[in-house]
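# Observations on the model geometry
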Amino acid sequence: MAGTTGERPATARVIAEPAAMRAEILTARAAGRRIGFVPTMGALHAGHVSLVDRAAAECDDVAVSIFVNPTQFGPHEDYADYPRTLEADAETLRDRHVRWIFAPEAESIYPPDWATRIMIDGPARRFEGEIRPGHFSGVATVVCRLFLAVPADVAYFGAKDWQQTLVVKRMVRDLGLPIEVAVCPTVREPDGLAMSSRNAYLSPADRSRATALAESLALAEQMWIAGDGPTALERAMRDHLGSRGVTVDYAAVVDSESLEPLAGAATAVALVAGRLGSTRLIDNRQLPPRRGTG
Ligand code: PAF
């Protein structure tokens, strides 16, 4: 039962081997413990910590994976430079009721003769799927692989990567994977910037411009409440981002579950992605329900 904190250790055990990790989880589950899993690529920040805290509140034991997944990076993306900070991450997780840190080597997730990849369409098709070909295939493949190594009851993902949450939920549904997916609210800096490991790349000038993403989403919400339609919101978000020096990849208002154009009474999400210098940021905001799409 969640809340038996006395039985939970202050420091996590670091496990590298998928088979050893799986055995630990299966033993704990056989003893009746509910297991929460937080998959990450490390460089942990307050957004990750909020997922861990939620898992610790809802489960008896928590596993966190730290693995910079090569298959979700494009050839010209930041895989080589992505921060790898295992010791600092373990320190961040101290006293947060994490029992295991799963930190595999790339070779144990993708052996040299690895030949399998999950292809996913549906919610993976547009936006990040168009701009980063192969990205969601890499995410789906590694998340499936991680779910096998950490066969938990429930896995926690942040709403900041909204499209990713839809992709993972669809894969779980389509493949019948025996795990619940919980989506947790985006954690923001005091000025509204969504927490991301990539924020650390921003120069001071770009860091102050980066608030434009959250501002454009707040503007979209105001316009939505005032009765404006998706096209007007998209134009306003683009204009605002452009005026703050953000090179816009997309600014869109779409069905929040399918990410296709709005129709009927579907709930809407505003999505933005753009670049400041060489740093690419994404953010989103669920728009309040209203009748019709305007
Ligand atoms: O959101 C992330 O950090 C990654 O995409 C994930 C889910 C850990 C898969 O590598």
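Rules used in this analysis
- Residues numbered from 1 in each chain as written.
- Predicted model: local features only at pLDDT ≥ 70, side-chain atom pairs only at ≥ 80, totals over all residues.
- Heavy atoms only, no water.
- Helix = DSSP H or I, 4+ residues; strand = E, 2+ residues; numbered from the N terminus.
- Pairing = 2+ DSSP bridges.
- Right-handed = clockwise from strand over helix to strand, strands pointing away.
- Near = heavy atom within 4 Å.
- Polar contact = N/O pair within 3.5 Å; in protein donor to acceptor, adjacent residues only side chain to side chain.
- Areas by Shrake-Rupley, 256 points an atom, 1.4 Å probe, with all protein chains shown as cover.
- Nonpolar A, V, L, I, M, F, W, Y, C, P; charged D, E, K, R; others polar.
- Buried < 20%, exposed > 50% of the residue type's maximum accessible area, 1.4 Å probe, protein only.
- Salt bridge = Lys/Arg side-chain N within 4 Å of Asp/Glu carboxyl O.
- Phe/Tyr/Trp six-rings, centres within 6.5 Å; stacked < 30°, edge-to-face > 60°.
- Lys NZ or Arg CZ within 6 Å of the ring centre and 35° of its normal.
- Axes fitted to C-alpha atoms, helices over the stretch in contact; angles between N-to-C directions.
- Contact = heavy atoms within 4.5 Å.

## Considerations on the environment of Ser208
For Ser208, the location among the structural elements is in helix H8 (residues 204–209). The spatial distance from the C-alpha of Ser208 to the C-alpha of Leu193 is 9.4 Å, given a sequence separation of 15 residues.

## What to know about the pairing of strand E6 (residues 180–184)
Looking at chain direction, strand E5 (residues 154–158) and E6 are connected through five bridges and run parallel. Within E6, the residue paired with Tyr156 across the bridge is Ala182. What joins E5 to E6 is helix H7 (residues 162–175), and the crossover it makes is right-handed.

## Notes on the site of the ligand
Contacts to the ligand come from Pro39, Thr40, Met41, Asn69, Gln72, Val142, Phe157 and Gln164. In this structure, Gln72 approaches the ligand through a side-chain N or O atom, which is 2.6 Å from an oxygen atom. Contact between the ligand and Gln164: an oxygen atom at 2.7 Å from a side-chain N or O atom of the residue. In the complex, the protein chains occlude 88% of the 290 Å² of accessible area that the ligand would expose alone. Taken together, the residues of the shell around the ligand sort by class into four nonpolar, four polar and no charged.

## With respect to the pairing of E5
Burial analysis of E5 places four of its five residues in the buried class, the great majority of the element. Both strand E2 (residues 35–40) and E5 contribute to a ladder of two bridges, which runs parallel. Following the sheet pairing, Gly36 is matched in E5 by Val154.

## Focus: the pattern of salt bridges
Taken as a whole, this structure holds 21 salt bridges when the rule is applied. Residue Asp61 pairs with Arg33 through a salt bridge whose shortest N-O separation is 2.5 Å. Here Asp61, found in strand E3 (residues 61–66), pairs with Arg33, found in the loop between helix H1 (18–30) and E2; they are 28 residues apart in sequence, far enough to count as distant. A residue is classified by how much of its surface remains accessible, and Arg33, at 17% relative accessible area, is buried. Between Glu91 and Arg94 there is a salt bridge; the shortest N-O distance is 2.9 Å. Given the relative accessible area of 46%, Glu91 is considered partly exposed.

## Here we look at the packing of aromatic side chains
The final tally for this structure, using the stated rule, is seven aromatic pairs. Note on Phe37 and Phe147: the rings are 6.2 Å apart at their centroids and 70° apart in plane angle, and the pair reads as edge-to-face. You can see Phe37 sitting in strand E2 and its partner Phe147 sitting in helix H6 (residues 135–149), a full 110 residues away along the chain. In this pair, the class of Phe37 matches that of Phe147, namely buried. On the basis of an interplanar angle of 55° and a centroid distance of 5.0 Å, the ring pair of Phe127 and Tyr250 is categorised as tilted. With Phe127 in the loop between helix H4 (106–109) and helix H5 (128–131) and Tyr250 in strand E7 (residues 247–255), the pair connects residues that are 123 residues apart, well separated along the chain. Looking at Phe127, the relative accessible area reads 6%, which means it is buried. Among the aromatic residues, those joined into a ring-pair cluster are Phe37, Phe147 and Phe157. Here Arg84 stacks its cationic end above the ring of Tyr79, 4.8 Å away from the centre of that ring. Above the plane of the ring of Trp224 lies Arg290, whose end atom (NZ or CZ) is 3.6 Å from the centre.

## So, the sheet that holds strand E8 (residues 268–276)
The strand order across the open sheet built from three strands is E7-E8-E9, with neighbouring strands paired in antiparallel fashion. Every other strand in the sheet has two partners, leaving E7 and strand E9 (279–286) as the edge strands with one partner each. Put simply, the sheet's adjacent strands are angled 10° from each other on average, direction ignored. Summarising the sheet, E7 and E8 pair through eight bridges and their orientation is antiparallel. Bridge assignment links Ala252 to a residue of E8, and that residue is Leu271. Across the face of the sheet, helix H9 (residues 211–225) comes into contact with E7, E8 and E9 while running at roughly 25° to E9.

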